[in-house]
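The chain contents come next:
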Amino acid sequence: MTKSILRVIASTALAAGSVGVAVPAQAHATPEHRGDLLALTPVSDLTPAQVSGFLKGAGVDSVTVRYGVRGYRVTYRTITPQGVPTTATGLFVLPRDGRHGRVDLVADTHGTMVDRDYAPSVGEDYGRLSPYLHASAGRAVAAPDYLGLGKGPGRHPYMDTASSVSASLDMLRATRTAARELGRPLSGDVYGTGFSQGGQVAMALGKALSQGVDAHFRLKALAPVSGPYDLAGQEVPALFDGRVNDTSGVLYMSYWLTAQNRLHPLYKEPGEAFRAPYARIVDGLLDGTHTEEEILGALPGSVKDLLTPGFYERLQHPRGALLAAMRDNDHTCDWKPAVPVRLYTATGDTDVPIANTLSCVRQLAAHGKKAPVVDQGAVDHNGAFKKSGPQIVRLFDSVAGTA
């Protein structure tokens, strides 16, 4: 895409409607073009007062809001879990601060989403709270939708950390181009955060950046919230001992099993894992076009009632492909960061119990990295995010020397 086209897209008034360019068939190019920017579409333009109102309406403290924000949907080239070229989308947000110099970047990875239209680049909803929070404090924000969410093709490979990291990394590359074309070039400094599923992705993305996966980006700090860092040791066992509430357990397990079965041989037929009549409908419910309410309304009230007795027993004593699918995602804290790391969680969280964060702390400590934990107390999963967000903004300000 030429610079002139990018400038036309970026300067189009939102009042005239969201404007972008169609991604041509040849956009599915070879892997060496990963991170190429294909389209940049304006999706939001908020004043400081509007940002504050949006955050307050969701129960998030807006004390750190200093600027308005402009948001863009970024369409870019990336790869599938199998390494096949594809495209993905994400939300790129810039502060309306009147400056023209280089700006730091926050890599902000979102939590579990089943509806593709709920993703940050599409829905003016929960997925934009953290991006707006950080952009209104003066940093650019790259918030990937991940594969198969937003306007990207295919199904979302839920909890496949490797592909979430590759899609997130390629989004950083695409936003580097977008920022330059918008006259707000990036400094190269990256601050990583993420919530729930995105907390795990943030740790893994931080590990990749710290290992020099792209010389244009320098990791400066990590501050994930309530990530499922230990599926085999904590998150899955918590489904059976009451630490994870039944409603969330049904959503997470049905999503995880159907997505992972496309990557690992967990079962040959849905009836091996899911009871009737759910075996017939569960995969279709999780195709990215249904809301949480629709999915949960069609499924039973507990994981025990969702799964066959045999598979329920297998999950309590996993081995083989089932254990491998869990452990493939359980190494995001298994390294030594050279930057400040602070982990946020809550004792009241019954979606991703605090034991996941404590496992991450132990893994980091085994490599010689001490990571402080901020326990937000008796609040629930979303409450942990809402309390942590403004605190993370202040942490990044401190690291950057702008506090």
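Because the structure is predicted, anything quoted here is derived from the model rather than measured.

**Some words on the confidence of the model for the protein**
Considering every residue of the protein, the mean pLDDT works out to 93; 92% of them sit at 70 or more. For residues 1–29, every residue scores under 50 in pLDDT, and the model assigns this stretch 52 contacts once sequence neighbours within four places are set aside.

**What to know about the pairing of strand β2 (residues 68–79)**
Most of β2 is tucked away, with 11 of its 12 residues classed as buried. Across 8 bridges, strand β1 (residues 37–46) lies against β2 in antiparallel orientation. The partner of L37 across the bridge, within β2, is Y76. Here β2 pairs with strand β3 (residues 85–96) via 12 bridges, running antiparallel. The residue bridging Y72 from the neighbouring strand is F92, located in β3. Joining the antiparallel neighbours β2 and β3 is a turn of 5 residues, in which G83 adopts a positive phi near 85 degrees.

**Considerations on the environment of H367**
Examined against the element boundaries, H367 turns out to sit in the loop between α14 (355–366) and β9 (373–375). The spatial distance from the C-alpha of H367 to the C-alpha of H110 is 27 Å, given a sequence separation of 257 residues. If we skip the residues at most four places from it in the chain, H367 touches D334, W335 and K336. Side-chain polar atoms of H367 contact the side chain of D334, separated by 2.4 Å.

**Examining the packing of aromatic side chains**
Tallying each qualifying case throughout the model produces 8 aromatic pairs. Judged by centre distance (5.1 Å) and plane angle (35 degrees), the rings of F195 and F385 are tilted. Of the two residues, F195 sits in strand β6 (residues 186–195) while F385 sits in helix α15 (residues 381–400), which places them 190 residues apart along the sequence. Accessibility expressed as a relative area gives 10% for F385, which makes it buried. Through a chain of ring-to-ring contacts, three or more aromatic side chains come together here, namely Y126, F195 and F385. Cation over ring: R139 sits above Y191, and NZ or CZ is 5.2 Å from the ring centre.

Criteria and cut-off values
Residues numbered from 1 in each chain as written. Predicted model: local features only at pLDDT ≥ 70, side-chain atom pairs only at ≥ 80, totals over all residues. Heavy atoms only, no water. pLDDT = per-residue confidence, 0-100. Contact = heavy atoms within 4.5 Å. Buried < 20%, exposed > 50% of the residue type's maximum accessible area, 1.4 Å probe, protein only. Helix = DSSP H or I, 4+ residues; strand = E, 2+ residues; numbered from the N terminus. Pairing = 2+ DSSP bridges. Polar contact = N/O pair within 3.5 Å; in protein donor to acceptor, adjacent residues only side chain to side chain. Phe/Tyr/Trp six-rings, centres within 6.5 Å; stacked < 30°, edge-to-face > 60°. Lys NZ or Arg CZ within 6 Å of the ring centre and 35° of its normal.

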